[in-house]
Amino acid sequence: MASSLSLLRQNTFLSATLPTTRPKPKYASAPGRVRMSLQENAPTIAVVGVTGAVGQEFLSVLSDRDFPYSSIKMLASKRSAGRRMTFEDKEYVVEELTAESFDGVDIALFSAGGSISKEFGPIAVNRGTIVVDNSSAFRMDENVPLVIPEVNPEAMEKIKVGMGKGALIANPNCSTIICLMAATPLHRHAKVLRMVVSTYQAASGAGAAAMEELELQTREVLEGKPPTCKIFNRQYAFNLFSHNASVLSNGYNEEEMKLVKETRKIWNDKDVKVTATCIRVPVMRAHAESVNLQFERPLDEDTARDILKNSPGVVVIDDRESNNFPTPLEVSNKDDVAVGRIRRDLSQDGNQGLDIFICGDQIRKGAALNAIQIAELLL
Ligand SMILES: NC(=O)c1ccc[n+]([C@@H]2O[C@H](COP(=O)([O-])OP(=O)(O)OC[C@H]3O[C@@H](n4cnc5c(N)ncnc54)[C@H](OP(=O)(O)O)[C@@H]3O)[C@@H](O)[C@H]2O)c1
């Protein structure tokens with residue numbers, strides 16, 4: 001069985017972590033393929049946290065989308081400084097993140113945790129860099145746009161590379177992005193008054209170490225051994241439990257409150273009622289969410305299905321006859337969020353409510369892809 005780290009990093013660039021038998025990655029220049037991304041007049045980029053799960057996915061998405069750059073800095077902690085990695089046929093050395101790292105950098109993609117963002121985000125901005133931050137450090141700061149490009153690109157319309165000053169843009173929480181990719185097109189049509197979200201969140205949302213532990217525990221339990229419990233302090237394999245985020249005095253955990261607060265900010269709607277229950281399930285990669293919606297105006301299920309079929313970044317998998325609906329496995333390593341189980345909520349009058357089920361890869365659309373789509377809007 002492949003290790004979970006290798007599962008997570010199938011598309012990664014760190015030669016030191018890759019098995020020697022690893023097949024050539026799909027983004028390495030195929031013979032005859034002309035790469036458009038390395039260009040003299042394109043922006044200079046830095047990836048902060050490049051050795052991590054999201055950092056590695058940044059590189060994969062940059063390459064997949066031929067994002068234009070004239071140079072790219074690979075930044076991580078002191079521990080990784082000096083490690084070599086190959087990206088688009090060029091060798092790079094990972095550098096330790098310091099204040100000077102941002103000199104001459106146009107766009108910095110941050111995914112090294114909230115404390116690093118809080119410390120180095122403002123430093124980068126002062127040096128004229130536009131920071132796209134994956135942590136929760138600045139999401140609720142009213143001066144920082146919180147953006148899903150398919151939903152509220154207007155929130156960052158004034159921020160562009162070449163405007164002569166730095167800026168911060170926040171990437172929303174992965175569960176919020178996946179939920180709003182499907183809920184927003186319906187909200188635009190019928191206005192959501194209340195939304196009830198139940199999540200089924202994968203190990204990968206807690207990083208590579210959590211994935212490794214899930215795989216290790218699965219083997220241990222099948223062999224009748226006691227499971228190793230380091231990341232979550234409890235058995236994860238063949239189990240599920242309330243999300244590991246801290247529980248607040250109101251009884252909600254931080255992950256649930258992110259869904260509540262971020263939805264209001266992204267929709268610019270202080271009155272929308274949102275409640276959430278976030279659960280970790282023993283799935284390796286990609287989150288699932290059950291979402292119940294109550295609308296101001298009627299919206300029948302056929303119209304909702306048509307709206308979703310025509311929404312960018314969304315695919316509909318809703319085959320009642322074959323009982324075939326979205327699954328985390330199907331959306332893993334994919335850009336699109338999948339929606340199914342689209343049905344009228346019988347507990348509400350007429351067509352005022354719908355139930356939907358969504359699956360999305362939270363490292364991809366929930367983190368790296370969304371951040372790079374934001375970076376594309378800066379050009
Ligand atoms: N995993 C997800 O699905 C997901 C989704 C959305 C957002 N996020 C957010 O993205 C961030 C990273 O998550 P991840 O899952 O990629 O974590 P991860 O795999 O643990 O990677 C953490 C990265 O941060 C770097 N780092 C740690 N301390 C540092 C320091 N002092 N200076 C510079 N770099 C430092 C690490 O470098 P070393 O290798 O040198 O330690 C590594 O590159 C977190 O804020 C997380 O909340 C994650």
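What counts, and where the lines are drawn
Residues numbered from 1 in each chain as written. Predicted model: local features only at pLDDT ≥ 70, side-chain atom pairs only at ≥ 80, totals over all residues. UniProt positions renumbered as here; feature names shortened; annotations may be inferred. Pairing = 2+ DSSP bridges. Helix = DSSP H or I, 4+ residues; strand = E, 2+ residues; numbered from the N terminus. Contact = placed C-beta atoms within 7 Å. Axes fitted to C-alpha atoms, helices over the stretch in contact; angles between N-to-C directions. Parallel < 35°, antiparallel > 145°, perpendicular 65-115°, else oblique. Left-handed = near helix turned anticlockwise from the far one by under 90°. Nonpolar A, V, L, I, M, F, W, Y, C, P; charged D, E, K, R; others polar. Buried ≥ 20, exposed ≤ 12 C-beta atoms within 10 Å, placed from the backbone. Core = buried A, V, L, I, M, F, W, Y, C linked by C-beta atoms within 7 Å. Domains from an automatic or database assignment. Expected span 1.5 Å × (residues − 1). Near = placed C-beta within 6 Å.

For the protein, the name recorded in an unreviewed UniProt entry is aspartate-semialdehyde dehydrogenase, with Medicago truncatula as its organism. Listed in UniProt under the heading Subunit (unreviewed entry), the comment for the protein reads: "Homodimer." Taken directly from UniProt, the Sequence similarities (unreviewed entry) text for the protein runs: "Belongs to the aspartate-semialdehyde dehydrogenase family."

Q: What is the right way to look at the sheet that holds strand β9 (residues 192-201) in this model?
A: By way of backbone hydrogen bonds, the strands of a sheet pair with one another, either parallel or antiparallel. Here we have seven strands laid out as an open sheet, ordered β10-β11-β9-β12-β15-β14-β13, and mixed in their pairing. Strands at the two margins of the open sheet, each flanked by one partner only, are β10 (241-242) and β13 (314-316). Pairing between β13 and strand β14 (residues 337-344): three bridges, direction parallel. Looking at β14, one finds that V315 is bridged to A338. Set on the sheet, helix α4 (residues 174-190) makes contact with β9, β11 (273-280), β12 (287-295), β13, β14 and β15 (353-360); between it and β12 the angle comes to about 30°. Against the sheet, helix α6 (residues 254-266) makes contact with β9 and β11, and its axis sits at roughly 150° relative to β11, the strand it touches most.

Q: What exactly am I supposed to notice about the environment of E254 here?
A: Assignment of secondary structure puts E254 in helix α6. In this structure, the C-alpha to C-alpha distance between E254 and V315, residues 61 residues apart in sequence, is 29 Å. With near-sequence residues (within four places) excluded, E254 lies in contact with A245, S246 and L248.

Q: Would you explain the packing of α4 against helix α7 (residues 301-309) in this entry?
A: At a minimum axis separation of 9 Å, α4 and α7 run at an interaxial angle of 120°. Taken together, the axes of α4 and α7 lie oblique to each other. At the point where α4 passes α7, the crossing takes the right-handed sense. Side by side, α4 and α7 meet where A182, P185, L186 and H189 of the first sit next to A304, I307 and L308 of the second. The class makeup of the residues in the contact of α4 with α7 is six nonpolar, one polar and no charged.

Q: Whenever I open this one, unusual backbone geometry confuses me. Can you help?
A: For residues other than glycine, phi is negative in most cases, and the peptide bonds are mostly trans. In this model, N268 sits at a positive phi of 50°, which is unusual for a non-glycine residue. As for its placement among the helices and strands, N268 is situated in the loop between α6 and β11. Here N268 falls in the exposed class, since 10 other C-beta atoms lie within 10 Å of it. Its identity is not glycine, yet A286 carries a phi of approximately 95°, on the positive side. Relative to the elements of secondary structure, A286 occurs in the loop between β11 and β12. Judged by C-beta crowding, with 31 C-beta atoms within 10 Å, A286 ranks as buried.

Q: Explanation requested: the nonpolar core in the structure shown.
A: Soluble globular proteins tend to pack their nonpolar side chains together in the buried interior. V47, V48 and I358 are the most contacted members of the largest nonpolar core, which totals 101 residues. If one sorts the elements of this core by residue count, α4 sits on top with ten residues. Inspection of this core shows a minimum of three residues originating in each of domain 1 (4-137) and domain 2 (176-362).

Q: Before we go on, may I ask you to explain α6 in this structure?
A: Because each turn of an α-helix spans 3.6 residues, side chains separated by three or four positions end up pointing in the same direction. When the terminal C-alpha atoms of α6 are compared, their 18 Å separation across 13 residues agrees well with the 18 Å that a helix rising 1.5 Å per residue should span. Where α6 is concerned, the buried positions are E255, E256, K258, L259, E262, T263, K265 and I266. Taken together, the buried residues of α6 touch α4, β9 and β11. Looking one or two residues past α6, N268 carries a phi angle of roughly 50°, positive in sign.

Q: Teacher, can you tell me more about the environment of D306 here?
A: Its place among the elements puts D306 in helix α7. Once the C-alpha coordinates of D306 and V316 are considered, the two residues, ten residues apart in sequence, prove to be 9.1 Å apart.

Q: What's the story with the site of the ligand in this structure? I'm lost.
A: Near the ligand, the surroundings consist of 28 residues, among which G49, G52, S77, S80 and A112 are the closest. Looking at the shell around the ligand, the elements that each hand over two or more residues are α2 (53-64), α3 (114-126) and α9 (364-377). Looking at the shell around the ligand element by element, the count peaks at three residues for α2. Of the residues that constitute the shell around the ligand, the class distribution is eleven nonpolar, 16 polar and one charged.

Q: How should the UniProt feature "active site" (unreviewed entry) in the protein be read in this particular structure?
A: As recorded in UniProt, the feature "active site" (unreviewed entry) lies at C174 and H287. The largest pairwise C-alpha distance within this set of annotated residues, which runs over 114 residues, is 8.6 Å, so the set is compact in three dimensions. Residue placement: C174 occurs in helix α4. Discounting residues that sit within four places of it in the chain, C174 has contacts with G205, H287, Q362, G366 and A367. Within the secondary structure, H287 sits in strand β12. Once residues within four sequence positions are removed from consideration, H287 is found in contact with C174, S175, I178, T199, Y200, Q201, A202, G205, P328, G360, Q362 and G366.

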